[in-house]
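Below are the chains, spelled out letter by letter.
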Amino acid sequence: MTCEEAEVLVHALIDGELDAGHAREVEAHIEGCAHCAALMKEYQEIRQAIAESDVSYKAPLELRRKIEKALPQQQAAPSRRSVLRGFAMGSAVSAMAATGLIAIVLRNDDEQRIENEVVSAHLRSLQAGHLIDVVSTDQHTVKPWFNGKLDVSPPVIDLTAQGFTLIGGRLDYVNAREIGAVVYKRRQHVINLFVAQTANTERKTAQISTLQGFNIRRWSDRGLNYWAVSDLGADELSEFGDKFESAMHANKEG
């Protein structure tokens, strides 16, 4: 076991979430590695400090005001003018729909909503014990684990030689659907690759966006939608996506 693998698994060891075999492997590595032993001690001290402290968060008043402002307000019966204005707006909406503008707006809103959901799922995964359901650096272990749990199992590619270490996978929820998440690591940065089936088999080239400080590389290929989310720089996340796509195409051709 390498230090990089042990650094990922030590969290699960502390939380008692590793099976006996993996727990022994991590413990054996820690016994012979001063760096990982110190890291283990540091995590245990942090865990203890959090447990002993009164950690709480109170939402600011400004957030309450924003929520209240966004809620629908009680209104009196509409006046004739407001009714006429509504009909006029409806006519304008109909005209926009006829030109396809509404479809574009709705599609963009939907994509934005899903990006918000994958970032939220990424953040949830970083909490202790939420990152991995199946712990393995072997694609032949991770890939079969998804079988039977999803309609379509996500592709699992070993990119360790290219600098992106496969560390496992899990099930997650995005857009009210259960989907697969394949987890990689680049130095101390976690990459969640969310994969969902789509009826559209058209290939969509990759696009990079940023949300809440996280970069998202999204693309579609062969009936699957992909979202790679990480705090890695956009250039390194693009490199990950490029290497993943190249390996996928090579596997298909082979």
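Residues numbered from 1 in each chain as written. Predicted model: local features only at pLDDT ≥ 70, side-chain atom pairs only at ≥ 80, totals over all residues. Heavy atoms only, no water.

Student: What is the right way to look at the nonpolar core in this model?
Tutor: What tends to happen in soluble globular proteins is that the nonpolar side chains get buried as a cluster. Counting 24 residues, the largest nonpolar core has L159, Y184, I191, L193, Y226, F240 and F244 as its most contacted members. Taken together, the elements giving at least two residues each to this core come down to α7 (139–146), β3 (177–186), β4 (189–197), β7 (224–230) and α8 (234–253). Top contributing element to this core by residue count: α8, with five residues. Setting aside residues up to four positions removed in sequence, F244 forms contacts with P155, I157, L159, Y184, L193, W219 and Y226. (Core = buried A, V, L, I, M, F, W, Y, C linked by side-chain atoms within 4.5 Å. Buried < 20%, exposed > 50% of the residue type's maximum accessible area, 1.4 Å probe, protein only. Helix = DSSP H or I, 4+ residues; strand = E, 2+ residues; numbered from the N terminus. Contact = heavy atoms within 4.5 Å.)

Student: Looking at this structure, I do not really get the pattern of salt bridges. What am I missing?
Tutor: Side-chain pairs of opposite charge can arise where the charged atoms are in close proximity. The tally for this structure, following the rule as stated, stands at 14 salt bridges. Across the pair E117 and R113 runs a salt bridge, and its minimum N-O distance is 3.2 Å. In this pair, E117 and R113 both sit in helix α6 (residues 101–125), four residues apart, roughly one turn of the helix. Given the relative accessible area of 26%, E117 is considered partly exposed. Judged by relative accessible area, which is 34%, R113 ranks as partly exposed. In this structure, D221 engages R203 in a salt bridge whose closest nitrogen and oxygen atoms are separated by 4.0 Å. (Salt bridge = Lys/Arg side-chain N within 4 Å of Asp/Glu carboxyl O.)

Student: So what exactly am I meant to see when it comes to unusual backbone geometry here?
Tutor: Leave glycine aside and you will find that most residues have negative phi; peptide bonds, for their part, are mostly trans. With a phi close to 55°, Q212 is a non-glycine residue in the positive phi region. Within the secondary structure, Q212 sits in the loop between β5 (204–211) and β6 (214–221). For R222, which is not glycine, the phi torsion reads 55° and is therefore positive. Along the chain, the position of R222 falls in the loop between β6 and β7. Residue class for R222 comes out partly exposed when judged on its relative accessible area of 48%.

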